[in-house]
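# Descriptive structure summary
The lines below spell out each chain.
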Amino acid sequence: MTSIVAALRAVRARIADAAKAAGRDPASVRLLAVSKTCPASAIRAAFEAGQDAFGENYANEMAEKAAELSGLGLEWHFIGPLQSNKTRIVARYCRWAHGIDRLKIAERLASQRDASLPPLQVCLQVNVSGEASKSGVPPDEAVPLARAVAALPRLALRGLMCIPEPTEFTSLLRRRFALLRQLGEQLRAEGHALDTLSMGMSHDLEVAIAEGATIVRVGTAIFGERDKTARTGEQASQ
Ligand SMILES: *Cc1c(COP(=O)(O)O)cnc(C)c1O
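Bear in mind the structure is a predicted one, so any value in this text is a computation, not a measurement.

All told, the structure shown has 12 salt bridges when counted by the stated rule. Glu56 serves as the salt-bridge partner of Lys65, at 2.9 Å between the closest nitrogen and oxygen. A relative accessible area of 7% places Lys65 in the buried class. Residue class for Glu56 comes out buried when judged on its relative accessible area of 0%. For the salt bridge of Glu211 with Arg174, the shortest nitrogen-to-oxygen distance reads 2.8 Å. Here Arg174 lies in helix H7 (residues 170-189) and Glu211 lies in the loop between helix H8 (205-210) and strand E8 (215-218), a separation of 37 residues in the sequence. Among the charged side chains, a network of salt bridges with common partners joins Arg30, Asp52, Glu75 and Arg95.

What follows concerns the confidence of the model for the protein chain. The predicted model of the protein chain has a mean per-residue pLDDT of 94, with 94% of residues at 70 or higher. When the criterion is pLDDT under 50, residues 231-238 qualifies, and its contacts beyond four places in sequence or with other chains add up to 14 contacts.

Let's shift gears to the pairing of strand E3 (residues 75-78). Residues Glu75 and His77 of E3 are buried on one face, and the alternating residues Trp76 and Phe78, pointing to the opposite face, are buried as well. When strand E2 (residues 53-56) meets E3, the two strands line up parallel, connected through 4 bridges. Paired with Gly55 across the strands is His77, a residue of E3. Following the backbone out of E2, through helix H3 (residues 59-68) and into the adjacent parallel E3, one traces a crossover that is right-handed. Where E3 and strand E4 (residues 96-100) come together, 2 bridges link them in parallel fashion. The residue bridging Phe78 from the neighbouring strand is Ala97, located in E4.

Three or more residues of helix H5 (residues 103-112) are buried, namely Ile105, Ala106, Leu109, Ala110 and Gln112. The inward-facing, buried residues of H5 abut helix H4 (87-93), E4, strand E5 (120-125), helix H6 (139-150) and strand E6 (155-161).

What follows deals with the site of the ligand. The environment of the ligand is formed by 13 residues, the closest being Lys36, Ser202, Gly219, Thr220 and Arg226. Side-chain polar atom of Arg226 to an oxygen atom of the ligand: 2.8 Å apart, as the coordinates give it. Starting from 390 Å² of accessible surface for the ligand in isolation, the protein chains cover 91%. Across the shell around the ligand, the residue classes break down as 6 nonpolar, 4 polar and 3 charged.

Moving on: the layout of surface pockets. There is about 240 Å³ of room inside the second largest pocket. Around the second largest pocket, the lining comprises 15 residues; the ones closest to its centre are Leu74, Arg92, Tyr93, Cys94 and Arg95. At the level of secondary structure, the elements contributing two or more residues to the lining of the second largest pocket comprise H3, E3 and H4. Here the residues of the lining of the second largest pocket sort into 9 nonpolar, 2 polar and 4 charged.

Counting buried residues in strand E1 (residues 30-34) gives 4 out of 5 residues, a clear majority hidden from the surface. Where E1 meets E8, 4 bridges bridge the pair, whose relative direction is parallel. By the bridge assignment, Arg30 is partnered in E8 with Ile215. As a crossover connection, the stretch from E1 through helix H2 (residues 40-48) into E2 is right-handed.

Reading guide: rules and limits
Residues numbered from 1 in each chain as written. Predicted model: local features only at pLDDT ≥ 70, side-chain atom pairs only at ≥ 80, totals over all residues. Heavy atoms only, no water. Salt bridge = Lys/Arg side-chain N within 4 Å of Asp/Glu carboxyl O. Buried < 20%, exposed > 50% of the residue type's maximum accessible area, 1.4 Å probe, protein only. Helix = DSSP H or I, 4+ residues; strand = E, 2+ residues; numbered from the N terminus. pLDDT = per-residue confidence, 0-100. Contact = heavy atoms within 4.5 Å. Pairing = 2+ DSSP bridges. Right-handed = clockwise from strand over helix to strand, strands pointing away. Near = heavy atom within 4 Å. Polar contact = N/O pair within 3.5 Å; in protein donor to acceptor, adjacent residues only side chain to side chain. Areas by Shrake-Rupley, 256 points an atom, 1.4 Å probe, with all protein chains shown as cover. Nonpolar A, V, L, I, M, F, W, Y, C, P; charged D, E, K, R; others polar. 1 Å grid on protein atoms, 1.4 Å probe; cavity = no way out; pocket = protein on both sides within 12 Å on 5 of 7 lines; lining within 4 Å. Points joined across faces, edges and corners; volume = space filled by probe spheres on them.

Spelled out as structure tokens, the structure:
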């Protein structure tokens, strides 16, 4: 597990360097460790190295790990596409949900979030790549969706999230991330108190930070390559 500790340190250094290069305070960028497919032991190792926020995108898998690690007080973020039959799990275990792209899902979360818990912190996923990606609300529908979600109880709309299409072209990536930032600015100009841009992963976090990311979601660079053949029934259906 020392490799996880070293990898975490390296990722934190990348974040700090990218923030400084962009003239930003490194503390303005939060690291979300994406632990999907990782065993609870790996999460524990990262926790012992000072990491407390973890991202998962398979609800049943997250629920198992959250139960197993409940003594640690970890902060769970759901970052995947969310189906109606999984909202109850997210409403119960998560502090954050990043992949909201339909009002119906947000309404279910709002009605299922227990009043004894703090509001669920929400980011809307925007499809910044157009045809090339299927998840996320189209950019021109993001503002009306944000207005509707902001009006729901038990949820706190915090910002926007995106996953650009894979590309080697930094200039294209920059444009995708810039679009998310501009949509966030537009919503702020309308009076929404958004403070979050959830963007950037293992291979592109520097570009995302240059465009204003406040949460980077990093899996592979911390936990290593995932076994892509180890698909559960739940994953196969998503
Ligand atoms: C898996 C995943 C990540 C992390 O990707 P890496 O390339 O492993 O860093 C980030 N965001 C989402 C939504 C993911 O599903």
